[in-house]
Amino acid sequence: MYEDVLKQKLSDPEFLLKKYWIVQHIEFKLQMIELELSAKHNRTMIQKVEHRIKNAESIARKLVKKGFKITFENADKMLNDIIGIRVVCLYRDDIYRIADLLKQQKDFTLIKEKDYITNPKKSGYQSLHLIFDIPLVYKEAEELQRVEIQLRTVAMDFWAGVDNQICYKKNPAKMKTAELALKNYSTEISKMDKQMLELRRNAEQ
Ligand code: 0O2
């Protein structure tokens, strides 16, 4: 019942258009960032950019998990990641270069930063999460849109993709062996990311 109302409001064309407007705005900023950084460092920085607008089922699940009633108002106010953007690059240091330039954007207000690279989650998940408020201006009106940008290396992205299919949000009782293996692979991936970075730095000398 609640979910039907939520679904209906989330599929409203004006609601969706505003979300995609912001996605495009961020993607253009990322293209500018790529231009600036690739010119400066003489190599490609951003390997891949993905976006998704969170669907009604996922929103409802997250609201319940956070202890909120399943309403459109709660979804809009309480969740940071209805608009999600993922930026994937080759090296750990590039993540922070891109993040710094995102934080310098005059129209982006940083709400929260979660560095799961320096402090990986218990699962082994690694990424840098930046949560921004970004204004959307139409005629006289200005409204803020909340966005989560996840930045990670190709290796971290590979790990998160496998974890997503096998463990994340799955029945914990059945997951013990896979969880343990993934936790170990997360440490291996972190080592490999550091070795790849070293390789690049040596090649640059
Ligand atoms: P989906 O389906 O990817 O959208 P916040 O309210 O911002 O303080 P939040 O969003 O509750 O905190 O938590 P968190 O832990 O920062 O997670 C945000 C997102 O990171 C998740 O969104 C996932 O996309 C990703 N993530 C976090 N932990 C893991 C993990 O252990 N494994 C994988 N594969 N991804 C993870 P959603 O909404 O949970 O999922």
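Quick caveat: nothing in here was measured; it's all calculated off a predicted structure. (Residues numbered from 1 in each chain as written. Predicted model: local features only at pLDDT ≥ 70, side-chain atom pairs only at ≥ 80, totals over all residues. Heavy atoms only, no water.)

A. Broad picture of the site of the ligand. The environment of the ligand is formed by 21 residues, the closest being K54, K112, K121, D163 and Y168. Within the side chain of Q150, one N or O atom sits 3.2 Å away from an oxygen atom of the ligand. Considered on its own, the ligand offers 760 Å² of accessible surface; in the complex 86% of this is hidden by protein. The dominant element in the shell around the ligand, judged by the number of residues it contributes, is helix 6 (residues 154–166), at 3 residues. (Near = heavy atom within 4 Å. Polar contact = N/O pair within 3.5 Å; in protein donor to acceptor, adjacent residues only side chain to side chain. Areas by Shrake-Rupley, 256 points an atom, 1.4 Å probe, with all protein chains shown as cover. Helix = DSSP H or I, 4+ residues; strand = E, 2+ residues; numbered from the N terminus.)

B. A look at the pattern of salt bridges. In total, this model carries 24 salt bridges according to the counting rule given. Between K48 and D157 there is a salt bridge, and its shortest N-O distance comes to 3.0 Å. In this pair, K48 sits in strand 1 (residues 46–53) while D157 sits in helix 6, placing the two residues 109 residues apart along the sequence. The partner of E179 in a salt bridge is K176, with the nearest N and O atoms 3.2 Å apart. Linking E179 with K176, this pair stays in helix 7 (residues 176–204), spanning 3 residues, or about one helical turn. (Salt bridge = Lys/Arg side-chain N within 4 Å of Asp/Glu carboxyl O.)

C. Layout of helix 6. Helix length check: helix 6 (13 residues) gives 18 Å between terminal C-alpha atoms against 18 Å at 1.5 Å per residue, within 8%. Among all positions of helix 6, only A155, M156, D157, W159, A160 and D163 are buried. The inward-facing, buried residues of helix 6 contact strand 1, strand 2 (83–89), helix 5 (92–103), strand 5 (141–153) and helix 7. (Expected span 1.5 Å × (residues − 1). Buried < 20%, exposed > 50% of the residue type's maximum accessible area, 1.4 Å probe, protein only. Contact = heavy atoms within 4.5 Å.)

D. Representation of the nonpolar core within the structure. Within the largest apolar cluster, 41 residues are counted, with the highest numbers of intra-cluster contacts made by I26, L30, I98, L102, I149 and L151. The element best represented in this core is helix 2 (residues 13–41), accounting for 7 residues. Within the second largest apolar cluster, 9 residues are counted, among which are Y116, Y125, A155 and W159. (Core = buried A, V, L, I, M, F, W, Y, C linked by side-chain atoms within 4.5 Å.)

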